[in-house]
Amino acid sequence: MFNKILIANRGEIAVRIIRCCKELGIGSVAVYSEADREAMHTRLADEAVCIGPAASAQSYLNIAAVMSAAELTDVQAIHPGYGFLAENAEFADIVIESGYTWIGPSPESMRTMGDKVTAKQKMKEAGVPLVPGSAGAVHDAEEAKHIAREAGFPVIIKASAGGGGRGMQVVHSEGALPGAFNKCQSEAAAAFGDDTVFIEKFLEEPRHIEVQVLGDTHGNLVHLFERECSMQRNNQKVLEEAPSPFVDAKTRQILCEAGVAAASAVNYVGAGTIEFLMNPDKSFYFIEMNTRIQVEHPVTEWITGVDLVEWQVRVAAGEKLAFTQEKIKKKGHAIECRINAEHPFKFTPSPGTIALYHAPGGRSVRVDAAIYTGYQVPPHYDSMIGKIITHARDRQKCIRRMQRAIDELAIIGITTNRELHERLLANAAFQKGDFNIHFLENWLKQMHL
Ligand code: MV4
């Protein structure tokens, strides 16, 4: 096992990883920007190194600065968390070439999955269901027309180097296709330096369901069931849960096996997530794989009892998974509410000083946050300041427990999205599990605020 790990991140995920290190007896090194001198992760780590100015590009995304901090503190491994450099294969290469252990999958797995056209090719070979559309890259508007006719409108044009909702164009008619194709291609070139695009049939009312996997370096790979992440707005998830209220036992079996097949196809090591879209008839299709720990990992931890961050560290150190697939059981239901420093309905950021913070507690309530009374939420980063996770025997009890937890939460001094959660948890369609990826946006539109 490692003596000391550097955490190349900030906020609640850095705190989550530092807590894990402490429990494993591993030293922790935080890196922080000038805006994060008083941040929780800076304070909680055994050591902390300033890596640059507030702007992410000059600090948390500054590979040279992060590597200097690793050398200065003599760590053995680097955990990237999520966001920032987590899915940057170049960074993973540099970490490994510099003699450190990368707490994550191989750079090769990251590259294969990072390029969506290559990823889909691999998934096809592995027998993982794909959305009907182009076999690979689509080179011009004329080719796009033939594929769209074959698949039927509407279609979606996606950038191969995109993902997470970036670089996509939905097209409803043939007339709109050439313009959308050129737009997608040029935006992809500008945003990612790669103008490769592909086409899929646009699924109109799918749910976003993802499978958690965990692999070791000895060829063992297991799934930890699914999460449902349909409650999103502008590709920002608001609330996640496990298991999905929509997935029945039989569908779960084939879905999770597809997740394992997807990860196995790239010899996946560590914690990863395979994203699927599921139609109302429960047919499902691979869309992309996230080669990192995700924000919503605690709901899976709670229904399975598996500490995903601990296992990321253990498998990076070469340990074998201590459990087989058959040993992993799911129990009850878990929900996560993301707490953001933003207006609950307008979603405008609300940085500032937290005059008072009181965290909920009590039975089966977990709070992963990086705030405290007197903390100044900086304006430079993501608005998510923490997460509340609840668990109960069934979904209804879990919702009631979350309502109780949200009711106890007090954050004074800044605006948070607490009221969004209050209203959503009380919504009849949410309570019935009757929603898809468009629910939140449609609901907000017809709401009288
Ligand atoms: C899709 C889709 C429908 N059909 N692909 C968005 C995030 C990225 N992971 C993939 N995404 C989608 N891909 C096909 N073939 C719907 C989404 C999608 C979405 C699209 C438009 C507006 C909001 C959305 C929210 C979640 C997913």
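These notes cover the structure that comes with them. Quantities reported herein were computed from a predicted structural model and do not represent experimental measurements.

Time to look at the sheet that holds strand 14 (residues 333-340). Across the sheet, eight strands lie side by side as 13-12-9-10-11-14-19-17; this open sheet has antiparallel pairing. Only two strands of the sheet have a single neighbouring strand rather than two, namely strand 13 (284-290) and strand 17 (365-369). Each adjacent strand pair in this sheet contributes to an overall mean axis angle of 25 degrees, direction not counted. Note that strand 17 and strand 19 (residues 384-392) share five bridges and pair antiparallel. Residue pairing in the sheet places Val-367 in a bridge with Ile-388 of strand 19. Helix 9 (residues 249-264) rests against strand 9 (207-215), strand 10 (221-233), strand 12 (270-278) and strand 13 of the sheet, and its axis sits at about 105 degrees to strand 10.

Right, let's get into the nonpolar core. Among soluble globular proteins, nonpolar side chains are generally buried collectively. With 43 residues, the main nonpolar core has Leu-239, Ile-411, Leu-424 and Phe-430 as its most contacted residues. Of all elements in the fold, only strand 11 (236-242), strand 14, strand 17, strand 19, helix 12 (395-408), helix 13 (418-426), helix 14 (428-432) and helix 15 (439-445) reach the threshold of two or more residues within this core. Element by element, the count of residues in this core is highest for helix 12, at five residues. In this view, Phe-430 contacts Met-231, Leu-239, Glu-241, Ile-335, Arg-395, Ile-399, Leu-424, Leu-425 and Phe-435; residues no more than four positions away in its chain are not counted. Counting residues in hydrophobic clusters, the runner-up holds 38 residues, among them Ile-7, Leu-214, Phe-225 and Val-315.

Taken N-terminus to C-terminus, the directions of helix 5 (residues 107-114) and helix 6 (residues 116-125) make an angle of 100 degrees; their axes are 5 Å apart at the nearest point. The orientation of helix 5 relative to helix 6 falls into the category roughly perpendicular. Contacts from Thr-112, Met-113 and Gly-114 in helix 5 reach Lys-116, Thr-118, Ala-119, Lys-122 and Met-123 in helix 6.

Moving on to the site of the ligand. Taken together, 17 residues sit near the ligand, with Lys-158, Glu-200, Lys-201, Leu-203 and Glu-275 positioned nearest. Interatomic distance of 2.9 Å between a side-chain N/O atom of Glu-200 and a nitrogen atom of the ligand. A distance of 3.1 Å is found between a nitrogen atom of the ligand and a side-chain nitrogen or oxygen belonging to Glu-288. Coverage of the ligand by the protein amounts to 92% of the 520 Å² it exposes when considered alone. When residues of the shell around the ligand are traced back to their parent elements, those giving at least two are strand 6 (155-163), strand 8 (197-201), strand 12 and strand 13. A per-class count over the shell around the ligand returns eight nonpolar, four polar and five charged. Each of domain 2 (132-201) and domain 3 (207-446) accounts for three or more of the residues forming the shell around the ligand.

Quick notes on the rules
Residues numbered from 1 in each chain as written. Predicted model: local features only at pLDDT ≥ 70, side-chain atom pairs only at ≥ 80, totals over all residues. Heavy atoms only, no water. Pairing = 2+ DSSP bridges. Helix = DSSP H or I, 4+ residues; strand = E, 2+ residues; numbered from the N terminus. Axes fitted to C-alpha atoms, helices over the stretch in contact; angles between N-to-C directions. Contact = heavy atoms within 4.5 Å. Core = buried A, V, L, I, M, F, W, Y, C linked by side-chain atoms within 4.5 Å. Buried < 20%, exposed > 50% of the residue type's maximum accessible area, 1.4 Å probe, protein only. Parallel < 35°, antiparallel > 145°, perpendicular 65-115°, else oblique. Near = heavy atom within 4 Å. Polar contact = N/O pair within 3.5 Å; in protein donor to acceptor, adjacent residues only side chain to side chain. Areas by Shrake-Rupley, 256 points an atom, 1.4 Å probe, with all protein chains shown as cover. Nonpolar A, V, L, I, M, F, W, Y, C, P; charged D, E, K, R; others polar. Domains from an automatic or database assignment.

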